[in-house]
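As a plain string of letters, each chain reads:
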Amino acid sequence: MLAAFVLLFVVVAYRIVSGFAGNADFGWLHNFAPIAAVALCGAAFLPRRIAIVLPLAALFVSDVVLYAFVYHQPLLTAEIVPGYVALAIIAGLGLALREKARLGPLLGASFVGSLIFHILTNTGAWLSESRYANTFAGWIQALTTGLPGFPPAWIFFRNTLISDLLFTALFVACMHWQARKEEHEAPAKALAPW
């Protein structure tokens, strides 16, 4: 379990550092963050009583820091709600996979989670942003090309998908490495005379 807590701290710190380093300027790494992987893997590996709350709370703390010091925008707006709904759904996927917390199922859930996050957050943008037409075509624009002056929405999805798969794989690899390490240490501790 210690590895899960350390990974949770590291990925949230990564998110904050990348925000301060310029990730907020829509560069090539925009949306390349461990957000969904933290929600998914935290729910899959952390103790059940904190499996959903701790990752979402940690991400909320990173949002507070980023919105106050990097984005310079208010945090509690209608636009943030779809993102947290998506993360709660992704955490639910992780909770459902606790017994099958292996790379294959978690990567599949990561892919589905990326789609959910993209659809919900861009639908939220379509509903709240007056520059989108309130039509089916406006919704498709929100999901694909986005608004003029910004990178296309599909680029944000691509970066989200790549980072979700990468960070999920890293999280799972670290958790399995920690489990194997504990398995090898257990017989040695049993033989120790004190």
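First things first, this report covers the structure right here in the doc.

Rules behind the numbers
Residues numbered from 1 in each chain as written. Predicted model: local features only at pLDDT ≥ 70, side-chain atom pairs only at ≥ 80, totals over all residues. Heavy atoms only, no water. Helix = DSSP H or I, 4+ residues; strand = E, 2+ residues; numbered from the N terminus. Buried < 20%, exposed > 50% of the residue type's maximum accessible area, 1.4 Å probe, protein only. Contact = heavy atoms within 4.5 Å. Lys, Arg positive; Asp, Glu negative; His and termini not counted. Charge placed at Lys NZ, Arg CZ, Asp CG, Glu CD. Patch = residues over 30% accessible without salt bridge, like charges linked within 9 Å, V, L, I, M, F, W, Y side chains within 5 Å. Areas by Shrake-Rupley, 256 points an atom, 1.4 Å probe, with all protein chains shown as cover. Salt bridge = Lys/Arg side-chain N within 4 Å of Asp/Glu carboxyl O. Core = buried A, V, L, I, M, F, W, Y, C linked by side-chain atoms within 4.5 Å. Polar contact = N/O pair within 3.5 Å; in protein donor to acceptor, adjacent residues only side chain to side chain.

## Considering the overall build of the protein chain
Line of reasoning, step 1. Scanning the protein chain from N- to C-terminus turns up seven helices and zero strands.
Line of reasoning, step 2. Sequence-ordered secondary structure for the protein chain, helices as α and strands as β, is α-α-α-α-α-α-α.
Line of reasoning, step 3. The 194 residues of the protein chain split such that 41% are buried.
Line of reasoning, step 4. A fraction of 67% describes how many contacts in the protein chain between residues 6 or more apart in sequence connect residues 24 or more apart.
Line of reasoning, step 5. One finds the centroid of the 11 positive side-chain charges in the protein chain at a distance of 7 Å from the centroid of its 9 negative side-chain charges.

## A look at a nonpolar patch on the surface
Line of reasoning, step 1. Taken together, the side chains of L2, V6, F9 and V10 define a hydrophobic patch exposed on the protein surface, amounting to about 430 Å² of accessible area.
Line of reasoning, step 2. Tracing the chain through its elements places V6 in helix α1 (residues 2–20).
Line of reasoning, step 3. For V6, a relative accessible area of 43% translates into the label partly exposed.

## Quick look at the nonpolar core
Where a protein is soluble and globular, its nonpolar side chains tend to be buried together.
Line of reasoning, step 1. F45, L87, I90, L106, F171 and M175 are the most contacted members of the largest nonpolar core, which totals 37 residues.
Line of reasoning, step 2. Of all the secondary structure elements, the ones that give two or more residues to this core are α1, α2 (35–45), α3 (53–71), α4 (81–96), α5 (103–128) and α7 (153–191).
Line of reasoning, step 3. In terms of residue count, α2 provides more of this core than any other element does, 10 residues in total.

## Quick word on the side chain of S114
Line of reasoning, step 1. Structurally, S114 can be placed in helix α5.
Line of reasoning, step 2. What S114 contacts, discounting residues up to four positions off in sequence, is F157, T160, L161 and D164.

## Considering the pattern of salt bridges
Line of reasoning, step 1. Counted by the stated rule, this structure contains two salt bridges.
Line of reasoning, step 2. Two residues, R15 and D63, come together in a salt bridge whose shortest N-O distance is 2.6 Å. Of this pair, R15 sits in helix α1 while D63 sits in helix α3, and the two are 48 residues apart along the sequence. Comparing R15 with D63 shows no difference in burial state: the two are buried.
Line of reasoning, step 3. Across the pair R131 and E129 runs a salt bridge, and its minimum N-O distance is 2.9 Å.
Line of reasoning, step 4. Residue E129 is classed as partly exposed on the basis of its relative accessible area of 24%.

## A short note on the side chain of N122
Line of reasoning, step 1. Structurally, the position occupied by N122 is in helix α5.
Line of reasoning, step 2. Take N122: its relative accessible area is 14%, and that puts it in the buried class.
Line of reasoning, step 3. In terms of polar contacts, N122 uses its side chain to reach the backbone carbonyl oxygen of H118, at 2.9 Å.
Line of reasoning, step 4. In contact with N122, other than residues within four places in its own chain, are A142, L143 and A153.

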